[in-house]
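Chain by chain, the residues:
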Amino acid sequence: MVSTGNRPRPNRPPREREEDPSGFTERVVYTRRIAKVVKGGRRLRFNALVVVGDSDGNVGAGMGKALVIPDAVRKGNAIARRNMVKIPIKGSTIPHEISVKVGASIVVIKPAPEGTGIIAAGAMRAILELGGVRDVVGKSLGSRNPINTVQATLEALRRLRDPQVEIARRLGTQAAD
């Protein structure tokens, strides 16, 4: 067998992102194999954590479970589309800093100046990229479990509010754009 070194393989499409006709891009963040021990041996199942976004402020995540990985990814995609979050993007970043704890995972997301890019790792990076946020700093504290990190990140994005819109809503007036 001939090694190709660090060169990309010629006839292989990129695996990371898949875009469908509706404009949503999906990314599989995490998969795991679950073994249930029964009388005849082990029953294997798979979980797939899928993030779906349109790069325009809408993002969702879903956990699909099935006997084979492709079915789990398909189910996760369907669940993610049902659990979409609208991100209030201000310019190319988020309106304010936010910190959320889910389980043992703590997520801190801060706005960043234009040109900074996404400074976050793993699951949080996938959500922010597919959500269309271009400049942001994210930090995951406590447990680094991708499932809880994704849930905490989505909860943080759900809690974000645009200050002008929120003030106008509380005063009962129209927001000036």
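Above this text sits the structure in question.
The structure reproduced in this document is the subject of the present report. Source: prediction; values computed, not measured.

## Some points on the nonpolar core
- Within the largest apolar cluster, 28 residues are counted, with the highest numbers of intra-cluster contacts made by Val59, Ile109, Leu128 and Leu157.
- Counting residues per element, the ones that place at least two in this core are strand E3 (41–53), strand E4 (58–66), strand E6 (98–102), strand E7 (105–111), helix H2 (122–131) and helix H3 (146–159).
- Broken down by element, this core gets its largest block of residues, six residues, from H3.
- If we ignore the near neighbours within four places in the chain, the residues touching Val59 are Val51, Val52, Gly53, Asn83, Met84, Val85, Ile87, Ile127, Leu130, Gly131, Leu154 and Leu157.
- With eight residues, the next largest nonpolar core counts Phe24, Val52, Val73 and Ala80 among its residues.

## Some words on the environment of Asn47
- Of note, Asn47 is situated in strand E3.
- The class of Asn47 is buried, set by a relative accessible area of 7%.
- Sequence-wise, Asn47 and Ile69 are 22 residues apart; in three dimensions their C-alpha atoms are separated by 7.2 Å.
- Once residues lying within four places of it in the same chain are set aside, the contact partners of Asn47 are Tyr30, Thr31, Arg32, Ile34, Met63, Gly64, Lys65 and Ala72.

## Topic: helix H1 (residues 69–82)
- The terminal C-alpha atoms of H1 lie 20 Å apart, and with 14 residues this matches the ideal 20 Å at 1.5 Å per residue to within 8%.
- Buried within H1 are the following residues: Ala72, Val73, Gly76, Asn77 and Ala80. The arc enclosing the buried residues of H1, seen along the axis, measures out at 140 degrees, which places them on a common side. Turned more than 90 degrees from where H1 packs its buried face, Arg74 and Arg82 sit exposed.
- Buried-residue contacts for H1 involve strand E2 (25–38), E3, E4 and strand E5 (84–86).

## A closer look at the environment of Val50
- Following the sequence through the fold, Val50 ends up in strand E3.
- For the pair Val50 and Ala80, spaced 30 residues apart in the sequence, the C-alpha separation amounts to 6.9 Å.
- In contact with Val50, not counting residues within four places along its chain, are Glu26, Arg27, Val28, Gly60, Ala61, Gly62, Val73, Gly76, Asn77 and Ala80.

## Notes on a positive patch on the surface
- Together, Arg32, Lys36, Arg43, Arg45, Lys65 and Lys75 make up a positively charged patch on the protein surface.
- Where the positive patch is concerned, the elements lending two or more residues are E2 and E3.
- Turning to its location among the elements, Lys36 is positioned in strand E2.
- When its relative accessible area of 55% is taken as the criterion, Lys36 is described as exposed.

## Structural notes on the pairing of E2
- Pairing of E2 with E3 involves 13 bridges; the strand directions are antiparallel. Across the sheet, residue Lys36 finds its bridge partner in E3, namely Arg43.
- Two successive antiparallel strands, E2 and E3, enclose a turn made up of two residues.

## Quick look at the pattern of salt bridges
- One pass over the full model with this rule turns up eight salt bridges.
- Glu129 serves as the salt-bridge partner of Arg125, at 3.2 Å between the closest nitrogen and oxygen. Separated by four residues within a single helix, Arg125 and Glu129 lie in helix H2, roughly one turn from each other.
- By relative accessible area, Arg125 is classed as partly exposed at 30%.
- Each member of the salt-bridge network shares a partner with another, and the members are Arg27, Arg125 and Glu129.

## What about the environment of Gly122?
- The topology assignment puts Gly122 in helix H2.
- Gly122 sits in the exposed class, given a relative accessible area of 54%.

About the criteria used
Residues numbered from 1 in each chain as written. Predicted model: local features only at pLDDT ≥ 70, side-chain atom pairs only at ≥ 80, totals over all residues. Heavy atoms only, no water. Core = buried A, V, L, I, M, F, W, Y, C linked by side-chain atoms within 4.5 Å. Buried < 20%, exposed > 50% of the residue type's maximum accessible area, 1.4 Å probe, protein only. Helix = DSSP H or I, 4+ residues; strand = E, 2+ residues; numbered from the N terminus. Contact = heavy atoms within 4.5 Å. Expected span 1.5 Å × (residues − 1). Arc of directions from axis to C-beta. Patch = residues over 30% accessible without salt bridge, like charges linked within 9 Å, V, L, I, M, F, W, Y side chains within 5 Å. Areas by Shrake-Rupley, 256 points an atom, 1.4 Å probe, with all protein chains shown as cover. Salt bridge = Lys/Arg side-chain N within 4 Å of Asp/Glu carboxyl O. Lys, Arg positive; Asp, Glu negative; His and termini not counted. Charge placed at Lys NZ, Arg CZ, Asp CG, Glu CD. Pairing = 2+ DSSP bridges.

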